[in-house]
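# Coordinates in review
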Amino acid sequence: MAFQMYITSLSWIVVLEVAADTPTIAFALSLYFYNGTMAVPELKESNCDVLIIGAGPAGMMMAAWMARMGINARIVDKRSTKIFSGQADGLQCRSLEIFDSFGFADRAWKEANHMIEMCMWNPGEDGVLRRSDRVPDVPEGLSRFTQIVLHQGRIERFFLDHIKKHSKDTLRVERAVLPESLEIDEGKCDDHSADNYPIKVQLRHLTDEEAAPAQANGQTVSDGLFRSNLVDDDTDDLIQKGRENKGGAEIVRARYMVGCDGAHSWTRRQLGFQLEGEPTDFIWGVLDIVPITDFPDIRNRCAVHSASSGSLMVIPREEKLVRLYIQLTEIKPDASGRADRSKITPETIIKAAQKIIAPYSLTYEYCDWFTAYQIGQRVGTNFDHKTRVFLTGDAVHTHSPKAGQGMNVSMQDSFNLGWKLGLVVKGIAQPSILKTYQSERRRIAQDLIDFDHKFSRLFSGRPAKDVMDEEGVSMEAFKQAFVNGNMFASGLSVDYGTSMLVAKPGSSTDQGDGTDVSSTHHQKVVGRQELATNIKLGMRFPSFKVLNQSDARPWHFQEKLRSDGRFRIVVFAGNVVNPQQQSRLKVFCQHLTSSGFLAPHLHKHIALLTCHAAKRTEVELLRDFPDVLHPFDSKLGWDYDSVYVDDVSYHEGYGDAYKNYGVDKESGCVVVTRPDQYVGYVDSLDEEGFVGVEGYFKGVLA
């Protein structure tokens, strides 16, 4: 049924036929009439420096950087609530190091389940399932952290608290808000001045009901199928709902935009970018349950290969939960290449698990969440558009979750990009550093795809019956793939190629993804890797125990590389008791303080951190170290937290940092780390070394 609504003006009458369910008041108020002219009201407009689309882990990481660096940013998400169950749960070593640099790794560490051992179960010659091997989940010595497992919702909570603290509650996730149009003024993209906003986005506000995802098959258990690659994206439907109903709209003009909006990325579609790769026929289900079972390793991470029913991975989680990744051998993609979503329920998934794990029993009374996905590996053709609109996380790379990389690599994309955006927005760094995001992270994504391609097929394949079974998967090959992949899976193998930010020799196009990111403003400098053989250029600064010079407290040196947007000049001062070395240290520091280029940046944009190799008790902070290394503040006094020593602690032994870092204890060296803890430059601790350090920063800072 419809009715007619009459709207009159001074000179004419308009008759509109309106559907009965149209909210007429809102509709009428959306039109203005004056002197016989009808006009749609102007939308509210605002500016921001960085607009973030999507509030998953990648978006949260980006927002954390914006909060820490005081950037005028907004973050929107199309869902009405944050994650309460399911989704990602594994945190690798590097992610925990990053969390620690922000100051909340301890929260995750305390709440999570810790993954210590990996057990492998395979059929014996008689076809009966048995444990074939045990290996450490993470090899000893890789990091001061090991892998842990914790619900994604808790991880997002840690980010939200951190963002609130550092933005003074001015940066909040705006939920049930999504973009519906994107315009980029191409002619303005090369102008990075503070008053230039080349990006125009129209945002649509939804009701909480509109933004809530539909649950599959009438299930009462929370499901994540709406996020999986087995279903179509619902973004366009949500936009249409918002337009048809009473959802408001607004215009946002931004200097930069970051699409952290998942595998179905709306942002990627607007840019016309593609994900390249192909799916497989392997369909896997996921259950989060409190298991009732006689399987002996249910509280260990396990890879279970059955003789003929597929494979299963066991991930023990917090609060007695266990996540099961289960190969669904009886569900195949149809002619369209996609599996029938209606066939995937907790019941069908647990039945598949029971077949795989037989003769052991496996049931449950409580299921927290379930989903399913089709294994495939794809990587984006482009990670940014004219260094104005960027894509991170699943928006530019998708893969299986077997190695626990999805959330971790997504957050690390944003960790790489966030500080660069922050420094460019504030006018501190040259805009050209933004090109390094694609060069560095697209190559990492390609490496991830290659690793996952091999690992997921070994996991999904049928075990070989014997050495002559060429179609089956060798269990020894699977074990070696897991062991060899540990360095990669931990996130610690990341090795960025040469650029204005990483002073390696060679070609940036060869060492990255093909993008030229060499400095065009200043002469290229090359670090002297031989002076710190284990502090690798392009890799994250490793960590060993050192002592605070003032109070003898032991610290992991990496803990002092906080994520506050500052570069670090790490001064390995060597044997400062030696008069010749003391003289070299003073000369270097005199150049720092007298430099017309570096001096204005010291402590504000570049922090100084010192570690010497003399005996702690033979050295005095105020007597033996130039003031610039421990600056004086009229209100706070001297800085007692910037000078450390490689010496034996009273209670925690000897870190032997100089030896482990590959630095000479007599002569030392100088290391420059980027704000994300990756090593940019290495040189000698003398006048020549200062020239190199200054040259490095001239290629980076504005």
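Residues numbered from 1 in each chain as written. Predicted model: local features only at pLDDT ≥ 70, side-chain atom pairs only at ≥ 80, totals over all residues. Heavy atoms only, no water.

Turning to the sheet that holds strand β8 (residues 113-114), a few remarks are in order. In space, the three strands of this open sheet follow the order β7-β11-β8, with antiparallel pairing throughout. The open sheet has two free edges, formed respectively by β7 (90-91) and β8, since each of these has just one partner strand. Relative to strand β11 (residues 148-149), β7 is paired through two bridges, and the arrangement is antiparallel. Looking at β11, one finds that glycine 90 is bridged to valine 149. (Pairing = 2+ DSSP bridges. Helix = DSSP H or I, 4+ residues; strand = E, 2+ residues; numbered from the N terminus.)

On to the confidence of the model for the chain, then. Residues of the chain with pLDDT of at least 70 account for 84%, and the chain-wide mean is 86. In the predicted structure, residues 1-39 sits below a pLDDT of 50 and forms 48 contacts with residues beyond four places in sequence or in another chain. (pLDDT = per-residue confidence, 0-100. Contact = heavy atoms within 4.5 Å.)

Attention now moves to the pattern of salt bridges. Applying the stated rule across the entire model yields 40 salt bridges. As a salt-bridge pair, glutamate 117 and arginine 134 come within 3.3 Å of each other at their nearest N and O atoms. Residue glutamate 117 is found in strand β9 (residues 117-123), and its partner arginine 134 is found in strand β10 (residues 129-136); the two are separated by 17 residues along the sequence. Taking the relative accessible area as the measure of exposure, arginine 134 reaches 42% and is therefore partly exposed. As a salt-bridge pair, aspartate 297 and arginine 131 come within 2.8 Å of each other at their nearest N and O atoms. With aspartate 297 in the loop between β17 (275-293) and β18 (301-305) and arginine 131 in strand β10, this residue pair connects regions lying 166 residues apart in the sequence. (Salt bridge = Lys/Arg side-chain N within 4 Å of Asp/Glu carboxyl O. Buried < 20%, exposed > 50% of the residue type's maximum accessible area, 1.4 Å probe, protein only.)

A separate point is the pairing of strand β20 (residues 322-327). Most of β20 is tucked away, with six of its six residues classed as buried. Every second residue of β20 is oriented toward a common face, with Val322, Leu324 and Ile326 on one face and Arg323, Tyr325 and Gln327 on the other, all of them buried. Between strand β19 (residues 311-316) and β20, which pair antiparallel in sequence order, lie five residues; one of them, glutamate 319, sits at a positive phi of approximately 55 degrees.

Turning to the environment of alanine 481, a few remarks are in order. Along the chain, alanine 481 falls in helix α12 (residues 475-484). Separated by 26 residues in the primary sequence, alanine 481 and phenylalanine 455 place their C-alpha atoms 6.6 Å from one another.

Here β9 pairs with β10 via seven bridges, running antiparallel. Its bridge partner lying in β10, glutamate 117 is registered against proline 136. Between β9 and β10, which follow one another and run antiparallel, lie five residues, and glycine 127 among them has a positive phi close to 85 degrees.

This part covers unusual backbone geometry. Residue proline 359 is bonded to the preceding alanine 358 through a cis peptide linkage, with omega at 15 degrees. Residue placement: proline 359 occurs in the loop between α9 (346-357) and β21 (362-380). Here glutamine 677, not a glycine, exhibits a phi torsion of approximately 75 degrees, which is positive. For glutamine 677, the position within the fold is in the loop between β32 (669-673) and β33 (679-683). Using a relative accessible area of 1% as the deciding quantity, one classes glutamine 677 as buried.

Applying the stated criterion to the full structure yields 28 aromatic pairs. Geometrically, the ring pair formed by phenylalanine 541 and phenylalanine 557 is edge-to-face, given 6.0 Å between the ring centres and 65 degrees between the ring planes. Here the residue phenylalanine 541 occupies a position in the loop between α14 (508-511) and β25 (545-548), and phenylalanine 557 occupies one in the loop between β26 (554-556) and β27 (567-574), the gap between them amounting to 16 residues. Plain terms: the ring middles of tyrosine 696 and phenylalanine 697 are 5.3 Å apart, the flat faces sit at 80 degrees to each other, and that makes the pair edge-to-face. The burial state of tyrosine 696 is the same as that of phenylalanine 697; both residues are buried. A connected cluster of aromatic rings, assembled from ring pairs, spans Trp65, Phe99, Phe102, Phe104, Phe158, Phe159 and Phe415. Cation over ring: arginine 388 sits above tyrosine 256, and NZ or CZ is 4.8 Å from the ring centre. Across from the ring centre of tryptophan 555, 3.4 Å away, lies the NZ or CZ of lysine 560, which sits over that ring. (Phe/Tyr/Trp six-rings, centres within 6.5 Å; stacked < 30°, edge-to-face > 60°. Lys NZ or Arg CZ within 6 Å of the ring centre and 35° of its normal.)

Moving on, we get to the sheet that holds β33. Backbone hydrogen bonds are what pair the strands of a sheet, in a parallel or an antiparallel way. Strand order in the open sheet formed by seven strands is β26-β25-β31-β28-β27-β32-β33, with mixed pairing between adjacent strands. Looking at strand neighbours, the two that pair on one side only are β26 and β33, the edges of this open sheet. Direction aside, neighbouring strands of the sheet carry axes that sit 30 degrees apart on average. Here β25 pairs with β26 via three bridges, running antiparallel. Paired with valine 546 across the bridge in β26 is tryptophan 555. Helix α18 (residues 687-698) rests against β27, β28 (606-612), β32 and β33 of the sheet, and its axis sits at about 155 degrees to β33. (Axes fitted to C-alpha atoms, helices over the stretch in contact; angles between N-to-C directions.)

A rise of 1.5 Å per residue sets the reference length of α18, with its twelve residues, at 16 Å; its end C-alpha atoms lie 17 Å apart and thus fit the reference within 8%. All buried positions along α18 are accounted for by Gly689, Phe690, Gly692, Val693, Glu694, Gly695, Tyr696 and Phe697. Taken together, the buried residues of α18 touch β27, α15 (579-594), β28, β32 and β33. Where α18 begins, the side chain of aspartate 686 points an oxygen toward the backbone nitrogen of glutamate 688, at a separation of 3.2 Å. (Expected span 1.5 Å × (residues − 1). Polar contact = N/O pair within 3.5 Å; in protein donor to acceptor, adjacent residues only side chain to side chain.)

With that settled, consider α9. With twelve residues, α9 extends 16 Å between its outermost C-alpha atoms, agreeing within 8% with the 16 Å of an ideal straight helix rising 1.5 Å per residue. Those residues of α9 that fall on the buried side of the exposure criterion are Pro346, Ile349, Ile350, Ala352, Ala353, Ile356 and Ile357. Projected down its long axis, α9 carries its buried residues within an arc of 155 degrees, all on one side. (Arc of directions from axis to C-beta.)

Here we come to the side chain of serine 143. Turning to its location among the elements, serine 143 is positioned in the loop between β10 and β11. On the basis of relative accessibility, which here comes to 18%, the residue serine 143 falls in the buried class. At 2.8 Å, the side chain of serine 143 and the side chain of glutamate 97 are in polar contact. Polar contacts involving the side chain of serine 143 include one to the main-chain amide nitrogen of phenylalanine 145, which spans 3.1 Å. If near-sequence neighbours (up to four positions away) are discounted, serine 143 is found in contact with Cys93, Glu97, Leu492 and Arg540.

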